[in-house]
Each structure stands twice: as structure tokens, then as C-alpha cells.
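Tertiary structure, described
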Amino acid sequence: MSKASVEDIKLTSAGLRGQLAELFADTSTPNIPEDSNILLKHHGSYQQDDRDRRAALVKAKQEKAWSFMIRSKMPGGRISAKQWMIHDELCTKAFGNMRLTNRQGIQLHGVLKGGLKEVIHNVCHSGLSTMGACGDVVRNTMGPAAPVKDAVHADTQRLTEEISQRFLWRSSAYADIWLDGEKVEPEWIKASEPDPAVRAVTKAPEGDDPIYGKVYLPRKFKIGVAIQPCNDVDVFSQDVGFVPHVVEGRVEGYTITVGGGFGMSHGQLATRPFLAQPLLYVKRAHVVDACEAIVTTQRDNGNRAERKHARLKYTVQSMGIEAFRAEVVRRLPGIETFPPKELKFDTVEDNLGWHEQGDGKLYCAVYVSMGRIVNCENGPQYRSAFAEIATRLDLPFIVTPNTNLIIADVAPEQKEQVNAILAKHGVVHADEAGFTRARKVAHACVALPTCGLALSESERALPGFMDQFDAMLQELGIVDEPILFRMTGCPNGCGRPYNADFGFVGRAPNKWAMFVGGSIRGDTLAGLEFKSVTGEEIPGKVRAILEAFVAERQPGEIFADWFARTRTKGAEPTSEQFHIELAERAAKLAGEKAGEAG
Ligand code: SRM
Ligand code: SF4
């Protein structure tokens, strides 16, 4: 019997229910079958096995070391002290640590099958949710991290919550499986104006989902909101981006971008990263409806035959931006749409350190190495530090898109207490640590040992490379230059490497493809400079490029602009090649379908 396709699994799942309740009630096995794992993703969890132990266990003919990763969703990265402490306590059910994600969520790794229900239950009771954190639905919506108290920041935060509400999948399966049928609403739904389109949240009658239908979206779907000139959410990497247009200090409407996305496969020209393109501008009142028109356009036109081509970026490319726009507008009867406004960003960086919020209070953005909230053996005790701040000072946190952590709403008289707690636990402010500007923004995806798709190291490797790059930048006298280094353990691109100045993309153990020529602004794709470099070769390759930059740059010119001015980007599939491959694949698929029908 052939393996069921993801589309069939979703279709026959009775609202993403499947056999999950029965499987998790059975404690006699440590894992679940793959088709159930596909459904489980929509509930915010993945089955994984410890890759460090895999080979030895397989050799010894033993069961793999199975466990589950759980991802909590919080629009714009907002998390209260109480919610933080519930996650902190849940670390004891995981590997003793948690991981801030670069979509402003939190992941717990290493939870055993028997503990999963308790973890999800507790996350929900904290007022957050894991529903739709993974799977073929709209994921955690990203928003500007800085808690600046003005009308524009308030509106963007409200928008992330409205989008999150509108696109939650609706079925009682989630409540039945994890909450024993209880209805628990995430805080962001309780706190914000209820969206009239939202039916009861986790407890809704069975039936077709009002937005997603029976088969949900063809693929994952990501949305981010950015305020110019700060591009911390990396808006052009999102399926859909929203950028406010401000008139006299108030948001008049939003420019919408579509079709960003980074996943690709090495050597397969028909898969590639794309930056989002401007689509249209709508007045504030119509923004979420416009978003729904885009989501349903993708639902109805996305490629459901081939998951590698199912993301919105391919739908936009195949339809063409004009036809895509016309279809979205057709789905917005009576709503006026306008040409997009011009967009200009200057950086994807977080504003680390202490700042005023604008309401008399302060916020402090703390550098967290690779987003891992752990008590390091000979380094910062991140977990203890943030737990003490949460319990003693009851201050809220914000996870940034660069996997750092903001401590928000700090009264001026609390500043020294925060500093003392951080210092006590060895958590040093990035400026005091003497980090280069590059190190403060460098990011690596999780990869080994938990990620089942990793081809190389990433989170465990980048700090070592950054030590070498830091020394190099010092030597070359460019410690304050905005240079973006990002690494991923495979071409899926979770670490968003394809718009970095230097992007390292895992190919095999100790081997990475090296991309160069993106930009700290997040608005330029890098090119493939070297198809495969070893860990030992990387510092030399980077140094040669940095030396040329130092020798050739014009006064004030940043690395990205120097590279664009002086270099031809490495091989990147041209649009022409891409469209030929896409057309060939479409023709092949049509032929196969016709064959099946016959
Ligand atoms: Fe990702 C799959 C981790 C952001 C593109 N991603 C995965 C999985 C779940 C592996 C799997 O499918 O088995 C990884 C879990 C590893 C682990 O052990 O934790 C994983 N992705 C992550 C995180 C934790 C990386 C991080 O360093 O923070 C991020 C979680 C964000 C969140 O809270 O939701 C994460 N992933 C991204 C991003 C960046 C972004 O969204 O801003 C991308 C590139 C943008 C994009 O989506 O195009 C990204 N992840 C992927 C892909 C490729 C998708 C594609 O279109 O081809 C996969 C594989 C897939 O979906 O088949 C993937
Ligand atoms: Fe895993 Fe690849 Fe994503 Fe890294 S980029 S977390 S290795 S899927």
C-alpha cells in the first residue's frame, strides 16, 4: 500500500483529530506513526529522536531515543512573567532548557511521549497556546519587538493578535486531546477586541474550518509586521508582510508584501529562496480581510501535488504578481485597494541594551547566545537570571526575531535590580562583553541534535565560528560594521541565511554551502559563492572577502553596499531558469495526473 499523502492525511483527519488521543493515551510505546506526526504538527509539536545517539542505537538494534518538541506561540513575542515561569518549570520535563525561536516563539525539546499532554495543557493554562505553531496553517505572527509606547507600535501589536485570532484553526480536536474538552483561550484573544469572525476558539463544533476547509493550506504560512526603518522581523522573508503607513503619528493603513520564503534544496534549481514583493496598500479597517483574501487565494491556488512547490512564493511566481493581485482584489468586494507605498528599511538588528519606552518606563534587550535559555556550565546562567527577574520583579518579556530577550516595563528604580540579577548570573550586556556588532545579530538554527532534517551542525557550531570572526573583525578594525552572519544546518533555511551578508547552509557533517551578498537591511538575496566549504576553510574564505572590503570600501560604505558595487554575486538560479524548470515540472505533473485519470 502506498504511503498516504499529507493532503489525504489532513482530509481524513476529522478536523486534525486522527488517532492522536488514543496514541498519547498508550504509554507502551515511545513514539507515534509518521502519519500521526504530520497531524501532531498542527497541534504545535514534532516527534524527534536524539541524533547524537541515533547511530549507536541503530547499530545496537535498539529503539531510537524518541522525544517531542513543543512550540509555543505568542504574537509579537509577548510573554508575561507568569507564562515565562510556567515554561521555565516545564524545562524539567524537557532537556532542562528552552529555545527562543526566530519567529518569537519558545520551543521545549526532549519531552517524552507520556509527558506531552501535561506540557501542552500547562502551556494553554499559562494563557499561551501551541495550536497552529507548526503545520499547514498560519504560524506565529511576528511583530516589532521593541515595546515602544506609541500609537504605531500599539497598532502593530494589535494587528499581530488580530491576525493570530483570525487564522487559528477551528476544531474541538485540540481541546479534546490536550485539555480534556475544556475551553482555554489564549491571553491574546481575551485581551484584544474579539474578532467578529472568530468562533469559539479551541472548542468549536466539528465541520469544515471556515477559512481552511477540510485540507487546510497547501503548506506552512508565515506573516510578519514591521515598522520602518527597523526590519527586525525580516519582513521580506515572510509569506505575507505588513508595514504601517503613518499619518500624523497614527496608522492610516498597511502596505502588504507577498511571496517571501527561504526553503530550497541543494542543486534543485526549481526550489529557491524568494524575497517578498509589494502587493497593495489598504486602509487599517481592511487589513485583516485583505490578509484573509491572500490566505484563501493560496488555499485555492497553491500547489497541492508537490510539497516542494506548495509555498505561497511559488504560487505568486507561477501566477505572476499581477494576476495574483487581481485575484486578491477580486476576493475583496467593496474594499478599496491602493498601490503599495515605498518601503525602506535600514537593519534587521535588535536594539540591545537599555532604552526608554516612552511612558516613563525602560526596556532592556539582553543578548542570548543562540536563543538557548540554559544555565551554561562555564558561562551565563540565562535560565536562572530570567527566572529570578520573572519571580522577583514580575516583569514581562518579549522574544525578539534574533532570539534575544527583552525585559519590558522596567520602572527606573528597578533598573539596578535587573542589572544586579543579570550580573549575579553571569549574563553580561552585549556592549560590556565587548562583542562585535556582527556577533550581536548572528543567528544559527537549531539543527543537531534534535532536528531530523539537519545535514550539519549549526547552533552548536556558530559560536565557535563567531569567536574566529570576532578576532578577525578586531584585527581588521571593523568591529562596529553591520555585517550579518547566519548559519543553518540544511537548505530549509530556518536561520534565514539567504539574505545575510554571509550565509552558511549545511550540506554534510562539517560542510556548508557559503552564500555571500545579502544585506543587513534584509532586502537583498545573497548568491552562492562556494558550493561546499569545510569548517576549517570557512575562516580563510571569510577573511579574504573582509580584507577586500577593508581595502576597497568607500568612506561610510557598509559591507552590503560594497559587495553590491564591486562584486558579481555567486551563482543564483535566474528567474528564467526557474520558470523553465517550474513549467517542465507542471507539465510533467499534468501528464502524470492525466495518466492516473486514464
Ligand atoms: Fe524551520 C522545518 C526549526 C524558522 C524554514 N524548522 C523546521 C523543523 C521543524 C524541522 C522538521 O521539519 O523536522 C525545525 C525544528 C528543529 C528543532 O529541533 O527545533 C525547524 N524553524 C525552526 C526554528 C526553531 C529555528 C530557529 O533557529 O529559531 C524556527 C522556529 C520558528 C517558529 O517559532 O515558528 C524556524 N524555518 C524558520 C524560518 C525563518 C522564519 O520563519 O522566519 C524558515 C525560513 C523561512 C521560510 O519558511 O521560508 C524556516 N523550517 C523551514 C523549512 C523549509 C520550508 C520550505 O518552504 O521549504 C522546514 C522544512 C519543511 O517545512 O519541510 C523547516
Ligand atoms: Fe533543521 Fe534545517 Fe531548519 Fe536547521 S535549517 S532547524 S537543520 S530544518
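The rules we used
Residues numbered from 1 in each chain as written. Chains lettered and ligands numbered in written order. Predicted model: local features only at pLDDT ≥ 70, side-chain atom pairs only at ≥ 80, totals over all residues. Heavy atoms only, no water. Helix = DSSP H or I, 4+ residues; strand = E, 2+ residues; numbered from the N terminus. Buried < 20%, exposed > 50% of the residue type's maximum accessible area, 1.4 Å probe, protein only. Contact = heavy atoms within 4.5 Å. Areas by Shrake-Rupley, 256 points an atom, 1.4 Å probe, with all protein chains shown as cover. Donors = N, O, S within 2.8 Å, 3.2 Å for Na, K, Ca; no water. Near = heavy atom within 4 Å. Nonpolar A, V, L, I, M, F, W, Y, C, P; charged D, E, K, R; others polar. Polar contact = N/O pair within 3.5 Å; in protein donor to acceptor, adjacent residues only side chain to side chain. 1 Å grid on protein atoms, 1.4 Å probe; cavity = no way out; pocket = protein on both sides within 12 Å on 5 of 7 lines; lining within 4 Å. Points joined across faces, edges and corners; volume = space filled by probe spheres on them. Pairing = 2+ DSSP bridges. Phe/Tyr/Trp six-rings, centres within 6.5 Å; stacked < 30°, edge-to-face > 60°. Salt bridge = Lys/Arg side-chain N within 4 Å of Asp/Glu carboxyl O.

Attention now goes to the overall build of the protein. In terms of helices and strands, the protein carries 19 helices and 19 strands. Dimensions of the protein, computed from C-alpha atoms along their principal axes, come out at roughly 65 × 65 × 55 Å. For the protein, with 598 residues in total, the buried portion stands at 58%. Taking all contacts inside the protein whose residues are at least 6 apart in sequence as the whole, residues at least 24 apart take part in 69%. Looking at the protein as shown, the accessible area adds up to about 23300 Å², and 52% of this sits on carbon and sulfur atoms.

Moving on to the coordination of the iron atom of ligand 1. For the iron atom of ligand 1, the protein supplies a single donor, Cys494 (SG), at a distance of 2.2 Å. By the element assignment, Cys494 lies in the loop between strand 16 (485-488) and strand 17 (502-508).

The environment of ligand 2 is made up of Cys445, Ala447, Cys451, Leu453, Ala454, Thr488, Gly489, Cys490, Asn492, Gly493 and Cys494. Taken together, the residues of the shell around ligand 2 break down into 7 nonpolar, 4 polar and no charged.

As a further point, take the site of ligand 1. Thr101, Phe262, Thr450, Cys494 and Arg496 are the nearest of the 28 residues found near ligand 1. The contact in question runs from an oxygen atom of ligand 1 to an N or O atom on the side chain of Thr101, over 2.6 Å. A distance of 2.6 Å separates an oxygen atom of ligand 1 from a polar backbone atom of Phe262. Listed by contribution, the elements that provide at least two residues to the shell around ligand 1 are strand 1 (45-49), strand 2 (66-72), strand 5 (106-111) and strand 15 (443-444). In the shell around ligand 1, the residues fall into 9 nonpolar, 11 polar and 8 charged.

Moving on: unusual backbone geometry. With omega at 5 degrees, the peptide bond leading from Gln228 into Pro229 counts as cis. Note on placement: Pro229 falls in the loop between strand 6 (223-225) and strand 7 (240-247). Residue Leu448 is joined to Pro449 through a cis peptide bond whose omega torsion reads 10 degrees. Summarising the element assignment, Pro449 is placed in the loop between strand 15 and helix 16 (462-475). In this model, Asp409 sits at a positive phi of 55 degrees, which is unusual for a non-glycine residue.

What follows concerns empty space enclosed by the protein. Per the stated rule, a full pass over the model turns up 1 cavity of 30 Å³ or more. Together, Tyr367, Val368, Met370, Gly371, Asn402, Thr403, Asn404, Lys440 and Ala442 line the largest cavity. Partitioned by chemical class, the residues of the lining of the largest cavity number 4 nonpolar, 4 polar and 1 charged.

So, about the sheet that holds strand 15. The 5 strands are arranged 15-16-17-18-19 in an open sheet whose pairing can be described as mixed. Of all strands in the sheet, those bounded by a partner on one side alone are strand 15 and strand 19 (527-534). Sheet topology places strand 17 next to strand 18 (residues 511-516); 6 bridges connect them, and they run antiparallel. Counted as the bridge partner of Val505 is Ala513 from strand 18.

Further remarks concern the packing of aromatic side chains. Inspection of the entire model under this criterion finds 26 aromatic pairs. Note on Tyr212 and Tyr216: the rings are 5.9 Å apart at their centroids and 35 degrees apart in plane angle, and the pair reads as tilted. Owing to a relative accessible area of 1%, Tyr212 belongs among the buried residues under this scheme. Ring centres 5.6 Å apart and planes at 55 degrees place the aromatic pair Phe549 and Trp562 in the tilted group. One end of the pair, Phe549, is in helix 17 (residues 538-552); the other, Trp562, is in helix 18 (residues 559-566), and 13 residues separate them in sequence. Side by side, Phe549 and Trp562 carry an identical accessibility label, which is buried.

In the structure shown here, the tally under the stated rule is 42 salt bridges. Asp180 is the partner of Lys117 in a salt bridge, and the nearest nitrogen-oxygen pair spans 2.7 Å. Pair noted here: Lys117 is in helix 6 (residues 116-125) and Asp180 is in the loop between helix 8 (173-178) and helix 9 (187-191), with a separation of 63 residues, a long-range link. Of the residues examined, Asp180 reaches a relative accessible area of 60% and is grouped as exposed. Through salt bridges with shared partners, a single ionic network connects Glu7, Lys10, Asp136, Arg304 and Arg307.

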